[in-house]
Amino acid sequence: MAVSTNSVPTTDPLPVVVIGAGPIGLAAAAHLVERGLEPLVLEAGTSAGTAVRDWAHVRLFSPWAEVTDPAAEKLLAPTGWVRSDGAAYPTGGDWAEHYLQPLADVLGDKVRYGVTVTGVARAGRDRIVDADRDEQPFTVHVETADGREERLTARAVIDASGTWSTPSPMGTDGLPALGEKTAADRISYRVPDLKDPAVRARYADKRTAVIGSGASAFTALAYLADLAKDEPGTHAVWILRRGIGANTFGGGEADQLPARGALGLRAKEAVEAGHASAVTGFRTQAVDREGDQLVLVAEDGRRLDPVDQVIVLTGFRPDLSFLSEVRLGLDERLQAPTALAPLIDPNVHSCGTVYPHGVNELSHPEQGVYLVGMKSYGRAPTFLAMTGYEQVRSITAALAGDQEAAERVELTLPETGVCGGAGLYDDPEAAQSNESDGGCCAAPATLQIGIGAPATTAGGC
Ligand SMILES: Cc1cc2nc3c(=O)[nH]c(=O)nc-3n(C[C@H](O)[C@H](O)[C@H](O)COP(=O)(O)OP(=O)(O)OC[C@H]3O[C@@H](n4cnc5c(N)ncnc54)[C@H](O)[C@@H]3O)c2cc1C
């Protein structure tokens, strides 16, 4: 596939607006600086890594060496910054404090805080106007923390705003379950920080339903199991849409990210030790109040014993509302860029691994707009920071007119070892069979992609 021709002459004085000062937005800014282009990072929060700081207590499953960007490291080097031990695993708090904030500080006034992007459009043209569309810059509507509205002009827009602020609800149909809103005081959409005394009190000696089957659910189950060792009345009820099978607990020791594999094994231990009981084939439709407790009700009419708290970890979805006036090409299921979606779609691939990819897969009918980072994956759950760093390296190369570099692949991704057989996603019986392995994670294949280095990927997935 040819690289899109959306690069504007590098003499263009307008900045490239980057939405979000998370890991990928800041990496995009570093790559833009390296390319001699002017970034302007707009961050809604008050500091770098606002979303990451929200889960400061969670330890990453990737070591330091896999969560820092090469261009960012180059920018940081003259300040005396040294990356922490590459093999050690940072928490979200470490990532923000020891890498993201120093990086944002080096970028200085190229990063603005307390600025929320509320709209992006072609200057003077709504979504339906064709005339001279590609020649127009972008207009970016923002609201500042003190309530002012501003209009900024940009030559291109890189949306790295993540998905953290839009968690999925508990309803099995993707919409809130009946009663979910009114039960909000007893529902959380985050992995709890049990070191915080107030949060600990909320779950200690209580029954908590944990809904979800990904790494965050594993983490919550492991945390609650630890709490149960000190506070024996603590118990988790793990709600799964399908049955428990060979892949329920992730890739385990087969995961090339050992810490991620270990998360699943800790969840398994929690179940085996009796700290969590799994309820399978349960598709949540409603949540009823019973005194101070909540009762989850399934589509098939099953009602669970009351719980004190519910933790919903059913994934995230992109907020596309402020992009309504630009022409995006998005996959109808995942809400990811059309060319990227087939590489990450859990309905097609039984493995979580994705080919490294760049500007070709991330371009839209609207030239000059890119979704990157967590947001680029739409509803797919397998995003890794290093994938995002490769995305922005390629996109910024294209913006600088360096097509050869834009097409090159400079990343080797680890094999997940997680074979969900997601086409069987809701089938409790199929999930118990090894068939859902799809066989494609057993032997990682090394493929030559594009012009660059070989990439380890899920062969044949
Ligand atoms: C608990 C958890 C653990 C994870 N562990 C790992 C791991 O071990 N390894 C790994 O590779 N990946 C991991 N990930 C996945 C991924 O790398 C992180 O989510 C990462 O933070 C994604 O970076 P991002 O820059 O795309 O988005 P975010 O970090 O979400 O940053 C988006 C930024 O945009 C800002 N923003 C949002 N909307 C607007 C707006 N309208 N205007 C202005 N600013 C806005 C937000 O405030 C935020 O600062 C983990 C994710 C989670 C949730």
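The shown structure was predicted, so the numbers you read here are calculated from the model rather than taken from an experiment.

(A) The overall build of the chain, seen in detail. Counting secondary structure elements, the chain contains 12 helices and 17 strands. Counting all 461 residues of the chain, 53% fall into the buried class. Contacts in the chain between residues far apart in sequence, at least 24 positions, make up 70% of those at least 6 positions apart. Of the roughly 19000 Å² of accessible surface on the chain, a fraction of 51% belongs to carbon and sulfur atoms.

(B) Structural detail: the packing of helix H6 (residues 215-230) against helix H7 (residues 258-272). Close contact between H6 and H7 brings their axes to 8 Å; oriented N to C, the two are set at 45°. Here H6 is positioned oblique relative to H7, judged by the angle of their axes. Relative to H7, H6 is oriented so that their crossing is left-handed. Where H6 abuts H7, its residues Ala-215, Phe-218, Thr-219, Leu-221, Ala-222, Ala-225 and Asp-226 lie against Leu-263, Gly-264, Arg-266, Ala-267 and Ala-270. For the contact of H6 with H7, a count of residues per class yields 8 nonpolar, 2 polar and 2 charged.

(C) Spatial organisation of H6. End to end, H6 covers 24 Å across 16 residues, agreeing with the expected 22 Å (1.5 Å per residue, within 8%). All buried positions along H6 are accounted for by Ala-217, Phe-218, Thr-219, Ala-220, Leu-221, Ala-222, Tyr-223, Leu-224, Ala-225, Leu-227 and Ala-228. Each element contacted by the buried residues of H6 is listed here: helix H5 (197-203), strand E9 (207-211), strand E10 (235-239), H7, strand E11 (276-279) and strand E14 (309-312).

(D) Quick look at the packing of aromatic side chains. Tallied over the full model, the rule gives 5 aromatic pairs. Here the aromatic rings of Trp-81 and Tyr-99 are separated by 6.0 Å at their centres, their planes lie at 50°, and the arrangement is tilted. Taken together, the residues Trp-81 in the loop between helix H3 (70-76) and helix H4 (92-107) and Tyr-99 in helix H4 connect sequence positions 18 residues apart. The pair Trp-81 / Tyr-99 is uniform in exposure class, with both members buried. Against the face of Trp-164 rests Arg-190, its NZ or CZ located 3.9 Å from the ring centre.

(E) Summary view of the pairing of strand E5 (residues 138-144). By the criterion of burial, E5 is predominantly enclosed, with 5 of the 7 residues buried. Pairing analysis gives 7 bridges linking strand E4 (residues 115-122) to E5, with the strands arranged antiparallel. Paired with Val-115 across the strands is Thr-144, a residue of E5. Pairing of E5 with strand E6 (residues 149-154), which is carried by 6 bridges, proceeds in the antiparallel orientation. The residue of E6 that forms the bridge with Val-142 is Glu-150. What sits between the antiparallel neighbours E5 and E6 is a turn of 4 residues, in which Gly-147 has the positive phi angle 90°.

(F) Structural context of the pairing of E10. Among the 5 residues of E10, 5 are classified as buried, and the element is accordingly described as predominantly covered. Residues His-235, Val-237 and Ile-239 point to one face of E10 and Ala-236 and Trp-238 to the other, with burial holding for every one of them. Regarding the hand of the β-α-β motif, the stretch spanning E9, H6 and E10 is right-handed. As judged from the 4 bridges shared by E10 and E11, these two strands associate in the parallel manner.

(G) Expanded view of the environment of Thr-46. Mapped onto the secondary structure, Thr-46 falls in the loop between strand E2 (39-43) and helix H2 (50-54). A relative accessible area of 72% means that Thr-46 is categorised as exposed.

(H) Local environment of the site of the ligand. The ligand sits among 29 residues. The nearest are Glu-43, Phe-61, Ser-62, Met-374 and Ala-385. Separating an oxygen atom of the ligand from a backbone N or O atom of Pro-23 is a distance of 3.4 Å. Contact between the ligand and Met-374: an oxygen atom at 2.9 Å from a main-chain N or O atom of the residue. Considering the ligand on its own, with 970 Å² of exposed area, one finds that the protein chains cover 91% of that surface. When contributions to the shell around the ligand are tallied by element, the ones reaching two or more residues are helix H1 (23-34), E2, H2 and E4. Per-class residue counts for the shell around the ligand are 20 nonpolar, 8 polar and 1 charged.

(I) Looking closely at the environment of Trp-64. Tracing the backbone shows Trp-64 in the loop between H2 and H3. Once the C-alpha coordinates of Trp-64 and Tyr-99 are considered, the two residues, 35 residues apart in sequence, prove to be 9.6 Å apart. Sequence-distant contacts of Trp-64, that is, excluding residues within four places in its chain, are made with Arg-83, Ser-84, Asp-85, Gly-86, Ala-88, Pro-90, Asp-94, Trp-95, His-98 and Tyr-99.

(J) Structural detail: the sheet that holds E9. With parallel pairing, the 5 strands of this open sheet are ordered in space as E8-E14-E9-E10-E11. Across the chains shown, the open sheet's two edge strands, defined by having one partner strand only, are strand E8 (187-188) and E11. Across 2 bridges, the pairing between E8 and E14 is parallel. Note on E14: the bridge partner recorded for Ile-187 is Val-310.

(K) Spatial organisation of the layout of surface pockets. Taken as a whole, the second largest pocket spans an internal volume of roughly 430 Å³. Lining the second largest pocket are 21 residues, with His-57, Lys-195, Tyr-223, Asp-226 and Arg-266 sitting closest to its centre. Going through the elements one at a time, H6 and H7 are the ones with two or more residues in the lining of the second largest pocket. Counting residues per element, the lining of the second largest pocket draws most heavily on H6, which supplies 6 residues. Split into classes, the residues belonging to the lining of the second largest pocket amount to 11 nonpolar, 3 polar and 7 charged.

Rules of the game
- Residues numbered from 1 in each chain as written.
- Predicted model: local features only at pLDDT ≥ 70, side-chain atom pairs only at ≥ 80, totals over all residues.
- Heavy atoms only, no water.
- Helix = DSSP H or I, 4+ residues; strand = E, 2+ residues; numbered from the N terminus.
- Buried < 20%, exposed > 50% of the residue type's maximum accessible area, 1.4 Å probe, protein only.
- Contact = heavy atoms within 4.5 Å.
- Areas by Shrake-Rupley, 256 points an atom, 1.4 Å probe, with all protein chains shown as cover.
- Axes fitted to C-alpha atoms, helices over the stretch in contact; angles between N-to-C directions.
- Parallel < 35°, antiparallel > 145°, perpendicular 65-115°, else oblique.
- Left-handed = near helix turned anticlockwise from the far one by under 90°.
- Nonpolar A, V, L, I, M, F, W, Y, C, P; charged D, E, K, R; others polar.
- Expected span 1.5 Å × (residues − 1).
- Phe/Tyr/Trp six-rings, centres within 6.5 Å; stacked < 30°, edge-to-face > 60°.
- Lys NZ or Arg CZ within 6 Å of the ring centre and 35° of its normal.
- Pairing = 2+ DSSP bridges.
- Right-handed = clockwise from strand over helix to strand, strands pointing away.
- Near = heavy atom within 4 Å.
- Polar contact = N/O pair within 3.5 Å; in protein donor to acceptor, adjacent residues only side chain to side chain.
- 1 Å grid on protein atoms, 1.4 Å probe; cavity = no way out; pocket = protein on both sides within 12 Å on 5 of 7 lines; lining within 4 Å.
- Points joined across faces, edges and corners; volume = space filled by probe spheres on them.

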